[in-house]
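Geometric and topological summary
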Amino acid sequence: MATGNKNELRSRSNKKPNKQKKQEDTHKITQSQADLNKVKEAQEFLSEKGTFSFSLLTAFRILLIVRCFSGLFRLLDDCDEVYNYWEPTHYLLQGYGRETWEYSADYKIRSWAYIFVHALIGFVSSIITSTKLQTFYLIRLSLGAACSYAEARFYRTVTEEINPHVGRYVFAILFFGAGMFNASTAYLPSSFAMYCVFMAFSYVFRPVSDVDRSRTYKVVFWIGLGALAGWPFAALIGVPFAIEEVVIFGRDTMKKEDGQTIRSVASRYWRLKRVVRLLEATVLVGAGLVFILVLMDQMFYRSYTVVAWNIIKYNIFGDGSRGPDLYGTEPWYYYILNGFLNFNVVFLLALGSFGCMLVTAYIDRNRVPGRTLMDQVFPYITLGLKLAPFYVWFILFSLQPHKEERFMYVAYPLVAFNAAISIYLVRSWTGRLAGAFGASPQVRVICLRYASLAILGTYALISVSRILALLTRYRAPFVVYSSIFRGDQAPDQITNLNYVQEDYPSNLNLTTKNVCIGKEWYHFPSQFFLPSDTRVQFLKTDFSGHLPQEFLEDTTIKSYNVDGETHEYRTRQYAWMGARLAPKGFNDLNKENPDVYVTEDQCDYLVDVDFPLRPDSPNEPRYIRDNKNWEALECYPYIDNENSHRLSRAFWVPGSPGLEWGDYCMLKRRA
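Keep in mind that this is a model prediction, so the values were computed, not measured. (Residues numbered from 1 in each chain as written. Predicted model: local features only at pLDDT ≥ 70, side-chain atom pairs only at ≥ 80, totals over all residues. Heavy atoms only, no water.)

Digging into the overall build of the protein chain
When you go through the protein chain residue by residue, the secondary structure sums to 20 helices and 11 strands. When burial is assessed residue by residue, the protein chain has 49% of its 671 residues classed as buried. When contacts within the protein chain are restricted to residue pairs at least 6 apart in sequence, long-range pairs at least 24 apart make up 76% of them. For the protein chain, the exposed area adds up to about 32,400 Å²; of that, 59% sits on carbon and sulfur atoms. (Helix = DSSP H or I, 4+ residues; strand = E, 2+ residues; numbered from the N terminus. Buried < 20%, exposed > 50% of the residue type's maximum accessible area, 1.4 Å probe, protein only. Contact = heavy atoms within 4.5 Å. Areas by Shrake-Rupley, 256 points an atom, 1.4 Å probe, with all protein chains shown as cover.)

As structure tokens, then:
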């Protein structure tokens, strides 16, 4: 009995270790399964399976948010945008405005077709707006919408045809970029050309096809539209595409809608056929676009002209006394500095994209499988052709003495693409380096994920800082010019809201008032910001170049009878006679026209900025301090660029040191 109890106790005591062992084994199996799942997840991440991406519609909606923000708050920092595009649009919509010499019938260097399309948006939007300032913002919002769609198409093509990770990087670069914030809603031909480049490269990035001709025609159409309707030099961006068309045979099959497969066999003369196809598309598309644009410009100039050719002729084939260099020159590194301002680290990565590709081809030779060396090298050749357009544009325009920020707008899509390729390749280097040190797949995933996140996080932070600096330090003109409405318009005025004098259209005894600008002429945001019973005028300053003159006003006086009494009123003609004239005083030599100035006693309002740290000038008196003749209607702080620290004025940080300020004021003549 005692022996039996001992055996029973021994038996029970042996069950506990067995149970613990089973639990430990189960835990080990569970842990091993979890580790295996992590390894599988890491391998799937490394193989890029199931990478998340936005649909076209979702990408458009997200980009539209930031583009609408740009349309509502972005400043007008380029006087060419104002005087060459917003003022002529104001002339078509309101019947008066300022014109530059390029619109003179003697030169015809600006296209009325481009202006007319935007004016149509203004005409339509005026149905739902009560003031012309609202029309101004609706036009800008429409520009933002057009840009958002083009960007979304570009992003989807990169995602589908290049790589989903590269697509995500492109999206982040476009979304946060300070350069895109400015260019997306800029009313400039270079911005329009940028939209067209987005659309063109949404087809360029698709594989070359020997059977399908649609890719060739679509790329030629969009590049041609950007060049002929926007800026003719944008055609240069398509040179690498033309080379790719002739050099690479590409896909030799195409499936039709009915399911039938068409196959092409490379003949001895396939390259010649490609050249013919490219020329055919260029001639047909070019002829169609030129025909339409010439007819639209003829509506205003009343003569047939190809504006794109006039631009090329003036900028390239002019004699030594004419040309773009008259309007200022910059050093060779201007676009590097400007690119860093607008895209910071991303711009440097774009510049280094070709080098990153070469390094990857050397250190990661097994990335592309193939039996022959050509099989391994060919993908890098095709990628090099995709990266080349940015370098073509950057090098050619860096060699030109006359440089402006807007000239780089055309290449902004390629800045995003080239930089995204660099980020993707640098990301792969980190994963490969970790693998060389024996890192597990999980560690390699961390390296891959956080390498790109660190780059894009730094880029986003600096970009937001740049945007905030622009919005908070240079906003004064938008606030000050529109202050006449707030200061002098009657609080109970419910009709003719574009006027300070409510009865101006129907009372011919009321006259227009002059709003004078002196040294701040290049920050004027257009007459959309001023009442329609005012006219902007120029005061003589230290500037001795050519200033815009007034269009012949498109208004007339009509009358009607009521109970035998005649009433006269002002109204529009919609004849736009000023568009077909060649006003006296215009020249293409940037020579001053003294007739454009008025004297101080002719001014009813005056816009001036006072920087306390700057010296006085006989031609630029401090009107703000003349309390005897002027009273301040509204003032707003404006940064003094000349006396502020460069980095502090360029980027916003809380409590930025080294900033100096001035007062930007709308002055009203004392009674």
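Brief notes about helix H10 (residues 239-247)
All of the buried residues in H10 are Pro240, Phe241, Glu244 and Glu245. Viewed along the axis of H10, the buried residues span an arc of 145°, placing them on a single side of the element. (Arc of directions from axis to C-beta.)

A short note on the sheet that holds strand S5 (residues 534-538)
Taken together, the five strands give an open sheet; going across it, the order is S5-S4-S9-S11-S10, and neighbouring strands pair in mixed fashion. Where the open sheet ends on each side, the last strands, each with one partner, are S5 and strand S10 (630-639). Neighbouring strand axes in the sheet, compared pairwise and without regard to direction, differ in orientation by 25° on average. Note: S10 against strand S11 (residues 661-669), nine bridges, orientation antiparallel. When the sheet's bridge partners are listed, Glu634 is paired in S11 with Met666. (Pairing = 2+ DSSP bridges. Axes fitted to C-alpha atoms, helices over the stretch in contact; angles between N-to-C directions.)

Considering the pattern of salt bridges
Per the stated rule, a full pass over the model turns up 25 salt bridges. Notably, a salt bridge pairs Lys519 with Asp608, separated by 2.7 Å at the nearest N-O pair. Here the residue Lys519 occupies a position in the loop between strand S4 (513-517) and S5, and Asp608 occupies one in strand S9 (residues 605-610), the gap between them amounting to 89 residues. Salt bridges sharing common partners tie together Arg215, Glu244, Glu245, Arg277 and Lys386. (Salt bridge = Lys/Arg side-chain N within 4 Å of Asp/Glu carboxyl O.)

Concerning the state of the cysteines
Enumeration over the complete set of coordinates arrives at two disulfides. A sulfur-sulfur distance of 2.0 Å marks the disulfide that ties Cys516 to Cys603. Measuring handedness by torsion sign, the sulfur bridge of Cys516 and Cys603 sits at about -100° and is left-handed. Linking Cys516 in strand S4 with Cys603 in the loop between strand S8 (565-572) and S9, this pair joins segments that are 87 residues apart in sequence. Of the two residues, Cys516 and Cys603, neither departs from the other in class, the shared state being buried. A sulfur-sulfur distance of 2.0 Å marks the disulfide that ties Cys635 to Cys665. Between Cys635 and Cys665, the S-S dihedral sits near 110°, and the bridge is therefore right-handed. (Disulfide = S-S within 2.5 Å.)

Let's talk about the pairing of S8
Across eight bridges, strand S7 (residues 555-562) lies against S8 in antiparallel orientation. Within the sheet, the bridge partner assigned to Thr556 lies in S8 and is Thr571. With antiparallel pairing between neighbouring strands as the criterion, S7 and S8 make up a hairpin whose turn holds two residues, including Asp563 at a positive phi of roughly 55°.

A word on the packing of helix H5 (residues 132-162) against helix H6 (residues 164-176)
In the contact formed by H5 and H6, the axes pass within 6 Å of each other and the chain directions differ by 160°. Taken as axis vectors, H5 and H6 run roughly antiparallel relative to one another. Counting all contacts with H5, which are made through Glu151, Phe154, Tyr155, Val158, Thr159 and Ile162, the residues of H6 involved are Pro164, Val166, Gly167, Arg168, Val170, Phe171 and Leu174. (Parallel < 35°, antiparallel > 145°, perpendicular 65-115°, else oblique.)

Considerations on the packing of helix H4 (residues 112-125) against H5
It is at 9 Å that the axes of H4 and H5 come closest, and there the two elements cross at 125°. Classified by the angle their axes make, H4 and H5 are oblique. Like other packed secondary-structure pairs, H4 and H5 cross with a definite hand, here right-handed. Where H4 abuts H5, its residues His118, Ile121, Gly122 and Ser125 lie against Thr135, Leu138, Ile139, Ser142 and Leu143. Considered class by class, the residues forming the contact of H4 with H5 number four nonpolar, five polar and no charged. (Left-handed = near helix turned anticlockwise from the far one by under 90°. Nonpolar A, V, L, I, M, F, W, Y, C, P; charged D, E, K, R; others polar.)

Considerations on empty space enclosed by the protein
Across all of its chains, the model carries four cavities of 30 Å³ or more by this definition. Quantified by volume, the largest cavity comes out at close to 50 Å³. Lining the largest cavity are Tyr96, Gly97, Arg98, Gln527, Arg535, Val536, Glu550, Phe551 and Glu553. Here the residues of the lining of the largest cavity are counted per class, giving three nonpolar, two polar and four charged. (1 Å grid on protein atoms, 1.4 Å probe; cavity = no way out; pocket = protein on both sides within 12 Å on 5 of 7 lines; lining within 4 Å. Points joined across faces, edges and corners; volume = space filled by probe spheres on them.)

A few points about helix H14 (residues 353-363)
Because each turn of an α-helix spans 3.6 residues, side chains separated by three or four positions end up pointing in the same direction. Those residues of H14 that fall on the buried side of the exposure criterion are Ser353, Cys356, Met357 and Thr360. With its buried residues spanning 100° around the axis, H14 presents them on a single face.

Quick look at unusual backbone geometry
A positive phi angle, near 100°, is found at Ser526, a position not held by glycine. One can find Ser526 in the loop between S4 and S5.

What to know about the packing of aromatic side chains
Going through the model one piece at a time under the given rule, you end up with 65 aromatic pairs. Where Trp86 meets Phe528, the ring centres are 5.6 Å apart and the plane angle is 80°; that geometry is what we call edge-to-face. Here the residue Trp86 occupies a position in helix H3 (residues 79-94), and Phe528 occupies one in the loop between S4 and S5, the gap between them amounting to 442 residues. Overall, the relative accessible area of 0% leaves Trp86 in the buried class. (Phe/Tyr/Trp six-rings, centres within 6.5 Å; stacked < 30°, edge-to-face > 60°.)

Notes on the nonpolar core
The tendency in soluble globular proteins is for nonpolar side chains to be buried side by side. With 140 residues, the main nonpolar core has Trp112, Ile173 and Phe390 as its most contacted residues. The contacts of Phe390, once residues within four sequence positions are left out, are Phe347, Ala350, Leu351, Met408, Ala411, Leu414, Val415 and Asn418. (Core = buried A, V, L, I, M, F, W, Y, C linked by side-chain atoms within 4.5 Å.)

Quick word on the confidence of the model for the protein chain
Taken residue by residue, the protein chain gives an average pLDDT of 90. The fraction at 70 or more is 87%. Below a pLDDT of 50 lies the segment residues 9-13, which in the model reaches zero contacts outside its immediate sequence neighbourhood of four places, other chains included. (pLDDT = per-residue confidence, 0-100.)

A word on a nonpolar patch on the surface
Residues Leu236, Val239, Ile243, Val247 and Leu396 make up a contiguous nonpolar surface patch of about 360 Å² in total accessible area. For the nonpolar patch, the leading source of residues is H10, giving three residues. The topology assignment puts Leu396 in helix H15 (residues 373-398). Exposure remark for Leu396: the relative accessible area of 34% places this residue in the partly exposed category. (Patch = residues over 30% accessible without salt bridge, like charges linked within 9 Å, V, L, I, M, F, W, Y side chains within 5 Å.)

Regarding the side chain of Glu244
Tracing the backbone shows Glu244 in helix H10. Polar contacts involving the side chain of Glu244 include one to the side chain of Lys386, which spans 2.5 Å. In this structure, Glu244 is in contact with Val204, Val208, Arg215, Leu385 and Lys386, ignoring residues within four places of it in sequence. (Polar contact = N/O pair within 3.5 Å; in protein donor to acceptor, adjacent residues only side chain to side chain.)

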